[in-house]
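Analysis of the macromolecular model
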Amino acid sequence: MGLPTASQIAHAGLPFANPMSEAAVDASIAALPLPVDASLVDTGCGSGEMLVRALTLHPGARGLGIDLDPDAIAEACRRAGDLPARFEVRDASGLEGAFDAIINVGSSHVHGGFPAALTALCRLAPVALYGEGFWLHAPANDFLAALGGATEDELADLDGLRAAIRDAGFEICHEALASESEWASYEESLAATAERDGGPDSFAYARRIRERRALPGGTDTLGFGLFVLRR
């Protein structure tokens, strides 16, 4: 296995790589309209926590998680234990087959990014658990630069995100939005964990988070939502 990146170090101990609370995630997973023997796939699954929770909350379901990171897949296998799940290092863009539900949370890039990912999800399954960022208001140039050179057209505002979901052929059955306090807890945890690591890359990662949050609009420009979708 390779050396962990600063992001991987910062996320150690966190259940998800997004700001949603565990209660919000569990409520969204529980709201998935699934048959008792559902087949699930999680694309860009990371360490597999979303799929593990889905299989735990929906007994009888079975799952496949895919990601390009072999270290994350190894961790996912450890987390899954005896659950009916398998995890593979593979590219989601070539995924074929029919599933009862697909999970894609904070990983739309594995299907070509927003909004193209929504079309891919709708093709693969009639039900989706989809997590995506959105703009609470138009981002300033310095905020985009602080995100590592992001561009405004990578995301939409919340109304635009909901419209893209409908345009892809889905309806929204359940919606949860990260609160300001959830964002603060998430990003403070990332920065603090990175600083405790003590490495130069980790210190730089933490500094970027703190400097971005200190910008005008640094704490109220970017949102994140978790959506249960059905076509």
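Each remark here, short or long, concerns the structure printed above.
A brief look at the structure comes next. (Residues numbered from 1 in each chain as written. Predicted model: local features only at pLDDT ≥ 70, side-chain atom pairs only at ≥ 80, totals over all residues. Heavy atoms only, no water.)

Points about the nonpolar core
Judged by nonpolar contacts, the single largest core of 46 residues is most densely connected at Met20, Leu40, Met50 and Leu129. Once residues lying within four places of it in the same chain are set aside, the contact partners of Leu40 are Leu34, Leu51, Ala54, Leu55, Ala61, Arg62, Gly63, Leu64, Phe99 and Ala101. (Core = buried A, V, L, I, M, F, W, Y, C linked by side-chain atoms within 4.5 Å. Buried < 20%, exposed > 50% of the residue type's maximum accessible area, 1.4 Å probe, protein only. Contact = heavy atoms within 4.5 Å.)

Re the environment of Thr219
Examined against the element boundaries, Thr219 turns out to sit in the loop between α9 (200-214) and β7 (222-230). A relative accessible area of 31% means that Thr219 is categorised as partly exposed. Put simply, Thr219 and Ala184 are 35 residues apart on the chain and 7.8 Å apart in space, counted from C-alpha to C-alpha. Aside from chain neighbours lying at most four places away, what touches Thr219 is Glu180 and Arg213. (Helix = DSSP H or I, 4+ residues; strand = E, 2+ residues; numbered from the N terminus.)

Remarks on the sheet that holds strand β3 (residues 85-89)
Taking strand neighbours across the sheet as the criterion, the seven strands line up as β3-β2-β1-β4-β5-β7-β6 in an open arrangement whose pairing is mixed. Two strands lie at the open edges of the sheet, namely β3 and β6 (171-177), each paired on one side alone. Mean inter-strand twist for the sheet, computed between neighbouring axes without regard to direction, equals 20°. Summarising the sheet, strand β1 (residues 39-43) and strand β2 (residues 62-67) pair through five bridges and their orientation is parallel. (Pairing = 2+ DSSP bridges. Axes fitted to C-alpha atoms, helices over the stretch in contact; angles between N-to-C directions.)

Observations concerning the pairing of strand β5 (residues 127-135)
Within β5, nine of the nine residues are buried, which leaves the element mostly enclosed by the surrounding structure. Residues of β5 alternate between two faces, with Val127, Leu129, Gly131, Gly133 and Trp135 on one and Ala128, Tyr130, Glu132 and Phe134 on the opposite face, all of them buried. Direction of pairing for strand β4 (residues 101-105) relative to β5: parallel, over a ladder of four bridges. Its bridge partner being in β5, Ile102 is matched across the sheet by Ala128. Across nine bridges, β5 lies against β7 in antiparallel orientation. Bridging from a neighbouring strand, Tyr130 pairs with Phe227 of β7.

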